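Chain residues, written in single-letter form:
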Amino acid sequence: ALRPATVQDLKDERILITAGPTTTAIDAVRYITNHSTGRMGAAMAEEALRRGAVVDYVLGVDKGVVRPVPSRGSEGRLHLVEVRTAEEMAAAALSKLPTATGVVATAAVMDYSVASPSASKLKRASDAIALDLVPSTDVLGSLKGAANGQWFLGFAAETDNVEEHGAGKLKAKGLDFLFANAVSKLGASGATGFAVGTNAGVLLSAKGERHELALGPKADIARQIWDLIA
Ligand code: CTP
Ligand code: CA
């Protein structure tokens, strides 16, 4: 069936998107990460490409991570960079910032990094061990600090007081928009948050606007977010 052509309302935009999890190594064979699979970022990228944008996509990769699938004809407008650590993500994103018109930060960046990963494999022992963790680079904060006119959309996944925490982050991080969603308990037939195909939440703007988006596929959530901010 013929579908109506998507409006090309992002054709003058070059959008920098961070997505997926970051990881931090414990030793040569082990690492710590989170449950992000990059699905919300992929949905945001696919819809932006459909609407005519150029997308610089900085993806934290891990097992099972999802990559955007560009619609036919938009393949050449997707530029994918794969990273693992928060520090690598910050460096890659900062290098793409000067040409960006806007930033979409969907990445689930690890807030802490292992202080001194072991170059060799740690051996099993009967004693308890402690891992020293130090704060990771704030990717979005670095981008904000280096910005020259770009607009910013952040994401926040919260287990409680979703909107209150979201509003606090919108303000504290100096963003134009923030999408806040609840994280369902893992294993529950949860429909929002990590590693699921659906989401729901509230889009907040610096101007004080507030739009609740009902539960739906992440592609539908992405389309509504772009409808609201385009
Ligand atoms: N973010 C980032 N780099 C970090 C942490 C967060 O770029 N080191 C970005 C995320 O991609 C997201 C936004 O900041 O767009 C909010 O992330 P979140 O983890 O909710 O914010 P935090 O300030 O880390 O708060 P929390 O203590 O709830 O994790
Ligand atoms: Ca965090």
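Residues numbered from 1 in each chain as written. Chains lettered and ligands numbered in written order. Predicted model: local features only at pLDDT ≥ 70, side-chain atom pairs only at ≥ 80, totals over all residues.

The name given to the protein chain in an unreviewed UniProt entry is Coenzyme A biosynthesis bifunctional protein CoaBC, with Devosia sediminis as the source organism.

### Quick look at the overall build of the protein chain
Tallying secondary structure elements over the protein chain gives 5 helices and 12 strands in all. Against the globule reference of 17 Å for 230 residues, the protein chain gives a C-alpha radius of gyration of 18 Å, in line with a compact fold. Here the C-alpha coordinates of the protein chain stretch approximately 65 × 40 × 35 Å along the principal axes. The buried share of the protein chain, taken over its 230 residues, is 37%. A separation of at least 24 residues holds for 63% of the contacts in the protein chain among residues at least 6 apart in sequence. (Helix = DSSP H or I, 4+ residues; strand = E, 2+ residues; numbered from the N terminus. Rg over C-alpha atoms; globule rule 2.2 N^0.38 Å. Buried ≥ 20, exposed ≤ 12 C-beta atoms within 10 Å, placed from the backbone. Contact = placed C-beta atoms within 7 Å.)

### Quick notes on the sheet that holds strand β12 (residues 210-217)
The 8 strands lie next to each other as β5-β4-β1-β6-β9-β10-β11-β12, forming an open sheet whose pairing is mixed. Each end of this open sheet is capped by a strand with a single partner; those strands are β5 (78-83) and β12. Along the sheet, successive strands turn relative to each other by an average axial angle of 15 degrees, direction set aside. Note that strand β1 (residues 14-19) and strand β4 (residues 54-60) share 6 bridges and pair parallel. By the bridge assignment for β4, I15 is matched with V55. Helix α1 (residues 39-50) rests against β1, β4, β5, β6 (102-105), β9 (151-158) and β11 (198-205) of the sheet, and its axis sits at about 165 degrees to β1. (Pairing = 2+ DSSP bridges. Axes fitted to C-alpha atoms, helices over the stretch in contact; angles between N-to-C directions.)

### Concerning the packing of helix α2 (residues 86-96) against helix α3 (residues 139-146)
Where α2 contacts α3, the two axes come as close as 9 Å, and the packing angle between them is 25 degrees. As the angle between them shows, α2 and α3 are arranged roughly parallel. With respect to the hand of their crossing, α2 and α3 are arranged in right-handed fashion. Each of A86, M89, A90, A93 and L94 in α2 lies in contact with α3, whose residues at this interface are V139, S142, L143 and A146. Of the residues in the contact of α2 with α3, the class split is 8 nonpolar, 1 polar and no charged. (Parallel < 35°, antiparallel > 145°, perpendicular 65-115°, else oblique. Left-handed = near helix turned anticlockwise from the far one by under 90°. Nonpolar A, V, L, I, M, F, W, Y, C, P; charged D, E, K, R; others polar.)

### So, the pairing of β12
Burial analysis of β12 places just 0 of its 8 residues in the buried class, which makes it a mostly uncovered element. Strand direction decides the pairing type here: β11 and β12, joined by 6 bridges, are antiparallel. When the sheet's bridge partners are listed, T198 is paired in β12 with P217. As consecutive antiparallel partners, β11 and β12 are separated by 4 residues, and within that stretch G208 has a phi angle of approximately 95 degrees, a positive value.

### Quick word on the UniProt feature "binding site: CTP" (unreviewed entry) in the protein chain
The sites that UniProt annotates as "binding site: CTP" (unreviewed entry) are D111, K121, F155, K169 and K173. With a sequence span of 63 residues, these residues are also far apart in the fold, their greatest C-alpha distance being 38.4 Å. In this fold, D111 is placed in the loop between β6 and β7 (112-114). By C-beta crowding, D111 is classed as partly exposed, having 13 other C-beta atoms within 10 Å. With residues near it in sequence (within four places) discarded, D111 still touches P135 and S136. Inspection of the secondary structure assignment puts K169 in helix α4 (residues 162-172). In this view, K169 contacts G154, A156 and L178; residues no more than four positions away in its chain are not counted. (UniProt positions renumbered as here; feature names shortened; annotations may be inferred.)

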